[in-house]
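Secondary and tertiary structure notes
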Amino acid sequence: KIKHTSRNGYMFYRQELQVMSAFRSSVEQRLHIALREQLFSLYFQPLVDVDGKVVAAEALIRWHDETLGWVGPQDFIPVAEESGLIVDIGLWVLRHTCELIAQNRDWFDRGKLRYISVNISPRQFSQAHFVEQILAVIDEYNISHSYLLLEITEGVAMENITTAISIMNALAAHNLHFMLDDFGSGYSSLSYLHKLPLKSVKIDRSFVAKIDQSADNQVIVEAIIYISRHFSLECVVEGVETLEERAYFSDKGVAAIQGFHFFKPQPESAFVALINAIH
Ligand code: C2E
Ligand code: MG
Ligand code: MG
Ligand code: MG
């Protein structure tokens, strides 16, 4: 009987794997087309300070496919990463963001926004000539380097920390800075905060959810904020969804807050209108 059950379990597992790999290969096929035919779009999610004033934004890719419908980045970025397509997709995101920045310099000049951040995937970061590529794109659009912020995750730095540090230093020398995204969700230790040349850390959403009701999450978040301050890193929090979560952060000294409580990611036109409307 036990054998029978485990055999069934195995069968289900096999079937699931087959469905998954079928999905994967169709996603990969369609991604090639999306890239060629420019079927991606960029959304922008405003970040606010503790008073609720917009201070920055994060660029987030969106993809609508004719046959697959809306596919979330959570589902296609890993496929793009594995197939190497992420390098071209990442370049598209970077170009598009730089173009938006170039078209709206006054937002930054007038202090409405400090930066717009883009997510850099591990494969993109570790490709040859990453530094040159980033600098070339920024120069092409002739924007101030500090208007763009690069978000990386712990995984990027973990593969080869020495290489990661030298890449980051090379870009920091050009006034291009990094934020460690999803901090606390990976496998790395707090010592990364001190080894990597970072400007800021973004505390992972998992610690922020219901923080007003979780003493454990409060201790974790306060420890991260404390350590960040010691290393002169700005703290950003993501995933603030409720009034209670927002209230919790009102006196914690975080530089920026991101979350549905304030703004959902906006299509580009809505984002442009929103920032233009700020006085
Ligand atoms: P991320 O970089 O941590 O981006 C933040 C994600 O949290 C976004 O999901 C955003 O919509 C979501 N979010 C923001 N506030 C809240 C909130 O209050 N509650 C909840 N539940 N979610 C919130 P999204 O856009 O689906 O992106 C998911 C992930 O996909 C990103 O996580 C990032 O890792 C990746 N990604 C998105 N765009 C790009 C891109 O252009 N390039 C690369 N390499 N990765 C990207
Ligand atoms: Mg991010
Ligand atoms: Mg994040
Ligand atoms: Mg996240």
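Definitions and cut-offs
- Residues numbered from 1 in each chain as written.
- Chains lettered and ligands numbered in written order.
- Predicted model: local features only at pLDDT ≥ 70, side-chain atom pairs only at ≥ 80, totals over all residues.
- Heavy atoms only, no water.
- Helix = DSSP H or I, 4+ residues; strand = E, 2+ residues; numbered from the N terminus.
- Expected span 1.5 Å × (residues − 1).
- Buried < 20%, exposed > 50% of the residue type's maximum accessible area, 1.4 Å probe, protein only.
- Salt bridge = Lys/Arg side-chain N within 4 Å of Asp/Glu carboxyl O.
- Donors = N, O, S within 2.8 Å, 3.2 Å for Na, K, Ca; no water.
- Phe/Tyr/Trp six-rings, centres within 6.5 Å; stacked < 30°, edge-to-face > 60°.

On to helix α3 (residues 86-103), then. Here α3 is 18 residues long and its end C-alpha atoms lie 25 Å apart, about the 26 Å a rise of 1.5 Å per residue gives. Most of α3 is tucked away: 13 of the 18 residues are buried.

When their charged atoms lie close together, side chains carrying opposite charge are able to pair. Under the criterion given, the structure shown has eight salt bridges. Here Glu37 ties to Arg36 by a salt bridge, and the two come within 4.0 Å at their closest N and O atoms. Look at Glu37 and you get partly exposed, because its relative accessible area is 45%. With a closest N to O distance of 2.8 Å, Asp251 and Lys252 form a salt bridge. What makes Lys252 buried here is its relative accessible area of 17%. Within this structure, Glu58, Glu151 and Lys202 form a network of salt bridges that share partners.

A few words on the coordination of the magnesium ion (ligand 4). Donor atoms from the polypeptide that coordinate the magnesium ion (ligand 4) comprise Asp182 (OD) and Glu238 (OE), at 2.3 to 2.7 Å from the metal. In this structure, the magnesium ion (ligand 4) is positioned 5.9 Å from the magnesium ion (ligand 2). Here the residue Asp182 occupies a position in strand β6 (residues 177-183), and Glu238 occupies one in strand β8 (residues 234-238), the gap between them amounting to 56 residues. Owing to a relative accessible area of 11%, Glu238 belongs among the buried residues under this scheme.

On to the packing of aromatic side chains. Summed over the entire model, instances satisfying the criterion amount to 10 aromatic pairs. Centroid distance Phe108 to Tyr147: 4.5 Å. Interplanar angle 15 degrees. Geometry classified as stacked. Taken as a pair, Phe108 in helix α4 (residues 105-109) and Tyr147 in the loop between α6 (130-141) and β5 (148-152) lie far apart in primary sequence, 39 residues in all. A relative accessible area of 15% places Tyr147 in the buried class. Ring centres of Phe125 and Phe178 lie 6.2 Å apart, and the angle between their planes is 80 degrees; this geometry places the pair in the edge-to-face category. With Phe125 in helix α5 (residues 122-126) and Phe178 in strand β6, this residue pair connects regions lying 53 residues apart in the sequence. Grouping residues by exposure puts Phe125 and Phe178 together as buried. In textbook terms, an aromatic cluster arises when at least three aromatic residues are bridged by ring pairs, as seen for Phe40, Trp63, Phe76 and Trp92.

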